[in-house]
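Coordinates in review
Listed below, chain by chain, are the residues.
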Amino acid sequence: MAAKVGVYICHCGINIAHTVDVEAVAQAAQDLANVTVSRDYIYMCSDPGQQLIQDDIRELGLNRVVVASCSPRMHELTFRRAVQEAGLNPYFLQIANIREQCSWVHGDRESATEKAQGIVSSAVARACLLQPLEERDVEITPAALVIGGGIAGLQAALDIADAGFKAYVVEKQATVGGHVAQLARTFPTLDNVQTLLAELVERAQAHPNIDVLTNSRVLEVDGFIGSFRVQVGSQPADSLPETTAELAVGAIIVATGFDVFDASLKPEFGYGAYENVITGLELEKRLMESEASNGASPLGDGAVKDVVFIQCVGSRDRTLGNAYCSRVCCMSTAKQAHLVRQELPDARITVFYMDVRAFGKGFEQFYDRVREERVLYRRGNPSEIYKRGDRLVARAEDTLLGKPVEVEADLVVLATGLVPRSDADEIGSLLKLSRSEDGFLMELHPKLGPVDTTTDGVFLAGCCQGPKDITDTIAQAKAAASSALIPLSVGKVRVESITCALDPLLCSGCGLCAEACIYSALALDERRNVMVANQVLCKGCGACSTACPSGAIVLNHFTPDQILAEVESVV
Amino acid sequence: MEAEQSLLERCDLWACIQCGKCTGGCPMSFKTELNIRRLIYQALLDGGVNADGMDELWDCTACGTCVLRCPKEVGPSDLIVALRTTLVDGGVIPPTIRDALTSVFRHGNPSLMPPDERADWAEALGVKDISEGADVLYFVGCIPSYDDRAQKVAKSLVKVLQKADVDFGILGVEEKCCCNEVRLVGEEGLFGYMVEEQRELFESKGVQHIITTSPHCFNTFKNEYEGLNLKVQHYTEFVAELIEQGKLTFTGELNQVITYHDPCFLGKQNGVFDEPRDIIKSIPGVEFREMDRIRDRSLCCEGGGGRMWWEGTNPEEQLATARFEEVLSVGADVMAVACPFCLLTFELAAKAGGYDEKVQVLDIMELVARAI
């Protein structure tokens, strides 16, 4: 059947029309081979714009559509849906990008118009050779894997289980609870953290839809959204061999948490050298023990008269590669200062800070309260801790005084920051996740996809994605669970249509394509000695087709003749 | 205005968050008016700093603590050097520093000493000239070449190298100042000129490997000489290797309690902390004790950054006093050093403060030479 192409030139308001003479481009397209109709319109993506295309398809019998507009990343799906509604295969649409690749980057109207004409003519040449592609759905396994049994993982598992789906929680440690198990009280509400955690743990362990696998780790992940196959290794004790089990799940939530910054990497604070220099978590442990033992002072009897807190230890520090703010230390320090004040009504408590970030609900009010409890905030980041007799000395510049000061202390508490887990790379490569500049696992989009990842069906929750307090961690866990529940509830998911096609008559089974494929979509059929492509795993990147020495693999929708036609029309 | 703008950007001052770690760690901030954090703030507010009459700028010992501590990689001491440069260019500098710079230009050393006497210390030691060809160039440095006290360090090192059969030579009267402090007092022109000359000299002698007495020479060759593609080591690194490889063995022993003071240009600025300690601990009979303020937290001796040529705005209070109190508190007989500046500064302070009868200041090489 001969191609009958409709060409639609978008003004994009003035985004394109200001630089490109859209009418001239539409005029020129009219004369191209196989073009039945060519029009320009102010906003092609608007409802009337789409209607224009659909009417032409129906009335003029168009079988190919070229839209010259913005990047295909912007509206390719919009126009595919439009042509599909009018009865065409959605892959009979070709976008000609005359905005990002033309009007936005050029100033001269005449040459920009000429370039736009070239882009359109090459799109028309390509459109004539487009083949119909089939859209396919796959079934979803109604279960989710949650990696990590801290509060993020537990909360996400609970939401998934409450929605009626199976959730497996894989936890490395012998017990669940993660870092939160080391905290005494919450900020700013001063709730007993262990009571909150116990409630969460009990609910998860008692839930019929939740399997908690402790002393376990994820060894391998195969498959794709809807049908992941996960190998989990479990080793209840060092003396026992590790056993493996396979889990089948439709979605995965990564909730692997964080590591605490190692304070000895800031040697100026003498952590490790002085036993009275401790981290905030070590202080919380003492406070918890004191609560448990019913009032025995966690800080010794009367020996501690001066307590110094130091903020931002290992955070906001480019020299360590930790350029980010850890987001929880300001408030956890305020909380700890409050708890110390309760223990030591007469002590001098000093907090050295650079900026106080009290941005959450009730945080600023709590910060006010702590200062009014006679906690002295001094602006400056101490540069050195050393000894004078039996006491410690924190040496800093009080930047508000503009003077260097020495503050003696019996106890120095370092607000150590949160850093990416040392095994973040392992988890990243298991699930093909990238890491952002700060080293934490990267979300799909900082604004619009904060719990999604570049791997379909894999979601992030909690501090593996970046430092968070309990409130934000729970919120993100619930968001990740809700996102994972979308495919689980729908029961099927649409997979990529633009995949590779392999010609077994040309294939020699050399396997170069399998080496090039990062999605493990190609495997050797040993009986026939040819490669076989898994159409569900394939993401349509095209790496295989360039690697194949005998031209046996082509990427559908980007076939050699389509690409050559594009090139030939402009050279 | 444009030049001042580039000063802010060159020193990356816009990255500063005024946390005060630089001033809080600065060994001079407690005893003089020098407040580098405030200088940075002023520079940001005003687009630059008028350094005229700011005597405290010359107090900076270039110890590098501010650079090491800064969480934003600002490099506060770059600003001090840049401001000193404006003073040098304007000719408003302490006369003793001016004299030292003139002497470096005329005589190749900062102390007005005759260039042809530079190698006198090595007479009768059987040290060959590098022109004869050798594996290693021993770059002696100005103070160990001319100063009676520091010459003992050079002689000790020669004894150690000879004992270990190292094939080494010296530049003799052709050696000139490395200019580490010339750069740090802001005389960029002279520094550039001397770097050029020195680089050509090393090339003409076919030098591949340099060891230095002074951490200051070591630092400048290693980090500041553009285009110098040589292996540069401080002698403590080289000698520690000799001991580890079994090329240097001890025949005697020292029954002393020894502690070690980290020189800023060796430790804080170049991360050489372990080798000096390894050498001291390997000497038979020695009991090694650490002080409190060591390694990254070491206290400056006040000898660097041009302070060998100028006593500073507050010569009465000396950091050395605190240092000697620490030495006494750990019960050491000897404070070992690995830098000629530290050696001379501490010896002087010991005499002035009456510590010389309780504590000996010795270079690590002097200790080693006594036990081989």
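Bear in mind that the values here come from a model prediction, so they are computed numbers and not experimental data.

For the bond running from phenylalanine 187 of chain A to proline 188 of chain A, omega is -5 degrees, close enough to zero to count as cis. Within the secondary structure, proline 188 of chain A is located in the loop between β7 (166–170) and α7 (193–206). Look at arginine 316 of chain A: it is not a glycine, yet its phi comes out positive at around 50 degrees. Among the structural elements, arginine 316 of chain A can be located in the loop between β15 (306–313) and α9 (329–343). For arginine 316 of chain A, a count of 22 C-beta atoms within 10 Å corresponds to the buried category. One non-glycine residue, glutamine 18 of chain B, adopts positive backbone phi at about 60 degrees. Tracing the chain through its elements places glutamine 18 of chain B in the loop between α1 (2–10) and α2 (21–25). On the basis of neighbour count, glutamine 18 of chain B is assigned to the buried category, with 20 C-beta atoms found within 10 Å.

All names here are of chain A. The N-to-C vectors of helix α1 (residues 22–30) and helix α5 (residues 109–127) enclose an angle of 40 degrees; their axes lie 9 Å apart at closest approach. For the pair α1 and α5, the crossing hand works out as right-handed. Residues Ala24, Val25, Ala28 and Ala29 of α1 touch α5, and the partners they reach there are Thr113, Ala116, Gln117, Val120 and Val124. When the residues that make up the contact of α1 with α5 are grouped by side-chain class, the tally is 7 nonpolar, 2 polar and no charged.

We now examine the interface of chain B and chain A. On the side of chain A, 20 residues touch chain B, which itself brings 22 residues to the contact. Elements represented by at least two residues in the side of chain B that touches chain A include exactly α2 and α3 (36–46) of chain B. Top element by residues in the side of chain B that touches chain A is α2 of chain B. It accounts for 4 residues. In the side of chain B that touches chain A, the residues fall into 4 nonpolar, 7 polar and 11 charged.

Here we come to the domain arrangement of chain B. Think of interface size as the accessible area that goes away when the parts come together; that is how it is often given. All names here are of chain B. According to the domain assignment, chain B consists of domain 1 (2–90), domain 2 (105–241) and domain 3 (251–370). Relative placement of domain 1 and domain 3: their C-alpha centres are 28 Å apart. The partner domain 3 presents 18 residues to the 15 residues of domain 1 that form the contact. Its residues assigned to classes, the side of domain 1 that touches domain 3 shows 6 nonpolar, 4 polar and 5 charged.

All right, on to the nonpolar core then. In terms of nonpolar packing, the biggest core is built from 123 residues, with Ile36, Leu79, Val239, Ile280, Ala336, Val337 and Phe346 of chain B touching the most fellow members. Once residues within four sequence positions are removed from consideration, alanine 336 of chain B is found in contact with Ile258, Thr259, Tyr260, Ile280, Leu362, Ile364 and Leu367 of chain B. Counting 110 residues, the second-largest nonpolar core is a separate cluster that includes Ile385, Leu411, Val413 and Leu414 of chain A.

Before going further, it helps to spend a moment on the sheet that holds strand β19 (residues 391–398) of chain A. All names here are of chain A. On the basis of which strands lie adjacent, the open sheet formed by 3 strands has the order β18-β19-β20 and antiparallel pairing. Among the strands making up the open sheet, the edge pair consists of β18 (384–388) and β20 (403–409). The mean angle between the axes of side-by-side strands here comes to 30 degrees, regardless of whether they run parallel or antiparallel.

Further remarks concern helix α11 (residues 215–224) of chain B. Given 3.6 residues per turn, any residue in an α-helix points the same way as the ones three and four places further on. Residues and elements named next belong to chain B. In terms of burial, α11 is a largely internal element, 8 of the 10 residues being buried. Looking only at α11, the buried set comprises Pro215, His216, Cys217, Phe218, Asn219, Thr220, Phe221 and Lys222. Summarising the contacts, the buried residues of α11 are in contact with β2 (136–139), α9 (180–184), β4 (209–212), β5 (231–234) and α15 (340–353).

This prediction gives chain B a mean pLDDT of 95; 99% of its residues lie at or above 70. Here the complex is predicted with pTM 0.85, and the ipTM for its interfaces comes to 0.92.

Structurally, proline 420 of chain A can be placed in strand β22 (residues 418–420). Each residue touching proline 420 of chain A, except ones within four places of it in the same chain, is listed here: Phe258, Gly439 and Phe440 of chain A.

Residue and element names in this part refer to chain B. Burial along strand β8 (residues 334–337) is two-sided: Val334 and Ala336 facing one way and Met335 and Val337 facing the other are all buried. Relative to β8, strand β6 (residues 257–260) is paired through 3 bridges, and the arrangement is parallel. Counted as the bridge partner of threonine 259 is methionine 335 from β8. Both β8 and strand β9 (residues 360–363) contribute to a ladder of 4 bridges, which runs parallel. Residue pairing in the sheet places valine 334 in a bridge with glutamine 360 of β9.

Cut-offs and rules
- Residues numbered from 1 in each chain as written.
- Chains lettered and ligands numbered in written order.
- Predicted model: local features only at pLDDT ≥ 70, side-chain atom pairs only at ≥ 80, totals over all residues.
- Helix = DSSP H or I, 4+ residues; strand = E, 2+ residues; numbered from the N terminus.
- Buried ≥ 20, exposed ≤ 12 C-beta atoms within 10 Å, placed from the backbone.
- Axes fitted to C-alpha atoms, helices over the stretch in contact; angles between N-to-C directions.
- Left-handed = near helix turned anticlockwise from the far one by under 90°.
- Contact = placed C-beta atoms within 7 Å.
- Nonpolar A, V, L, I, M, F, W, Y, C, P; charged D, E, K, R; others polar.
- Domains from an automatic or database assignment.
- Core = buried A, V, L, I, M, F, W, Y, C linked by C-beta atoms within 7 Å.
- Pairing = 2+ DSSP bridges.
- pLDDT = per-residue confidence, 0-100.

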